[in-house]
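# Observations on chain architecture
For reference, the chains in residue letters:
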Amino acid sequence: MTSRRTALGLIGVGLPALIVSRGSAAALDYPTRPVRFVVGYPPGGATDILARLIGQRLSEKLGQQFVVENKPGAGNNIGTEAVVNAEPDGYTVLLINPANYINTSLYTNLKFNFVRDIAAVASFNRVPNVMTANTDVPAKNVVEFIEYVKANPGKVNMASSGNGTSVHLSGEMFMAMTGTKMQHVPYRGAAPAITDMLGGQVQVIFDNMPSIIQHIRAGSLRALGVTTAERSPQLPDVQTIAETVPGYEASALFGMGAPKNTPKEIIAKLNSEINAILAEPEMNKRLVELGGEPLIQSPEAFGEQIKAETEKWKRVVEFAGLKVE
């Protein structure tokens with residue numbers, strides 16, 4: 001009887017170690033099949049560009065495809081909810097973007113709590129938005145644009161990549177701080193918004209730099225101001241909005257998230273691989289060209305930034321008096 005109890009005790013002691021060992025082994029082998037990389041917008045916008053850049057390198061380094069899955073709609077909430085409800089096994093991840101921070105306070109009936117239900121994996125970069133006008137608009141800078149809007153009440157349409165995006169909220173903040181009034185026209189992503197910008201159906205957008213900068217450089221759209229506190233090295237001749245509107249500041253923080261309860265070993269492996277990718281000279285150069293330097297940090301540090309961004313945009317939502325049912 002004693003030897004039997006001893007044997008059972010040893011088995012009992014060994015089980016947790018065995019489970020941990022198997023979990024660690026699974027993380028070391030990860031991924032063994034393709035990974036869904038969910039983007040809450042259509043192809044072509046800043047979020048999609050970043051997801052494909054990072055996803056391609058992860059595919060090459062880890063030997064399994066990180067398949068970008070565009071799930072647009074509801075201001076990014078459809079894609080986010082799909083990840084929240086996915087199996088927490090590391091095979092579904094999310095492109096985190098400013099809409100995730102904003103929607104927490106903007107939407108009154110969300111079926112999830114972003115900060116609670118999505119685990120931070122790794123940050124990618126932080127980029128400015130760019131206040132950009134159609135070339136038919138006569139304004140060449142922020143001062144002239146404010147004068148133009150006030151001289152044409154009800155005639156200026158402001159495009160965005162969707163309700164509650166940083167593109168939308170950057171414009172709302174601008175209107176609130178300048179006393180201007182524009183008609184907000186939300187689209188299902190940056191790409192269709194830019195198409196209508198080029199066609200003249202809408203006059204201005206506060207878009208993320210990665211999806212708009214090529215059109216600015218080509219001269220098909222005109223940059224009026226960047227939304228960060230300091231000028232961007234990518235557009236050094238473009239003033240900050242704050243140079244005209246003191247106190248104005250907005251930027252877009254991007255990264256990767258996963259469903260809560262995703263194994264920490266898998267999160268740590270993804271974080272390590274992504275940080276290594278961000279440190280590659282070619283990736284670093286590409287991200288800087290798109291408007292923002294890489295942010296290399298731990299999942300915990302990125303999680304703290306997510307909380308800070310959520311609080312920041314909550315103040316903007318409340319300041320602008322916005323709510324979406």
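Reading the values: the criteria
Residues numbered from 1 in each chain as written. Predicted model: local features only at pLDDT ≥ 70, side-chain atom pairs only at ≥ 80, totals over all residues. Heavy atoms only, no water. Helix = DSSP H or I, 4+ residues; strand = E, 2+ residues; numbered from the N terminus. Buried < 20%, exposed > 50% of the residue type's maximum accessible area, 1.4 Å probe, protein only. Contact = heavy atoms within 4.5 Å. Areas by Shrake-Rupley, 256 points an atom, 1.4 Å probe, with all protein chains shown as cover. Lys, Arg positive; Asp, Glu negative; His and termini not counted. Charge placed at Lys NZ, Arg CZ, Asp CG, Glu CD. Arc of directions from axis to C-beta. Polar contact = N/O pair within 3.5 Å; in protein donor to acceptor, adjacent residues only side chain to side chain. Pairing = 2+ DSSP bridges. Right-handed = clockwise from strand over helix to strand, strands pointing away.

### Side note on the overall build of the protein chain
Within the protein chain, the regular secondary structure consists of twelve helices and nine strands. By principal-axis analysis of the C-alpha atoms, the protein chain measures approximately 95 × 40 × 30 Å. Per-residue burial over the protein chain gives 54% buried out of 325 residues. Taking the intrachain contacts of the protein chain between residues at least 6 apart in sequence as the baseline, contacts between residues at least 24 apart amount to 78%. Split by element, the accessible area of the protein chain, about 14,100 Å² in all, is 53% carbon and sulfur. The protein chain carries 30 positive and 30 negative side-chain charges, and their two centres are separated by 6 Å.

### Re the environment of Ile277
Within the fold, Ile277 resides in helix H10 (residues 264-279). Beyond its immediate chain neighbours, meaning those up to four positions away, Ile277 contacts Ile54, Arg57, Leu58, Lys61 and Met283.

### Some words on helix H6 (residues 142-151)
Since the α-helix packs 3.6 residues into each turn, any two residues three or four apart lie on the same face. Inspection of H6 places Val142, Phe145, Ile146 and Val149 among the buried residues, and these make up the whole buried set. Viewed along the axis of H6, the buried residues span an arc of 100°, placing them on a single side of the element. Of the exposed residues in H6, the ones pointing more than 90 degrees away from its buried face are Glu147 and Ala151. Looking at the buried residues of H6, the elements they touch are strand E4 (118-134), helix H7 (166-178), strand E7 (204-208) and strand E8 (221-226). Its side-chain oxygen placed 3.2 Å from the backbone nitrogen of Val143, Asn141 serves as the N-cap of H6.

### Overview of the pairing of strand E1 (residues 35-39)
Of all five residues in E1, four are buried, a share of seventy percent or more. As judged from the five bridges shared by E1 and strand E2 (residues 66-70), these two strands associate in the parallel manner. Bridge pairing in E2 links Val38 to Glu69. Between the parallel elements E1 and E2, the chain passes through helix H2 (residues 46-62) in a crossover that is right-handed.

### Examining helix H3 (residues 77-84)
When H3 is considered as a whole, its buried residues turn out to be Asn77, Gly79, Thr80, Val83 and Val84. End-on view of H3: buried residues confined to an arc of 160°, all on one side of the axis. For H3, the secondary structure elements touched by its buried residues are E1, strand E3 (92-96), helix H4 (98-106), helix H5 (114-117), E4 and strand E9 (251-259).

### Some details on the environment of Gln203
Relative to the helices and strands, Gln203 resides in the loop between helix H8 (190-199) and E7. Separated by 45 residues in sequence, Gln203 and Met158 place their C-alpha atoms 6.2 Å apart. Aside from chain neighbours lying at most four places away, what touches Gln203 is Thr132, Ala133, Asn134, Val137, Lys155, Val156, Asn157 and Met197. Here Asn157 takes part through its backbone nitrogen, which lies 2.7 Å from a polar atom of the side chain of Gln203. Within the local environment of Gln203, its side chain forms a polar contact with the backbone oxygen of Gly200, the two atoms lying 3.4 Å apart.

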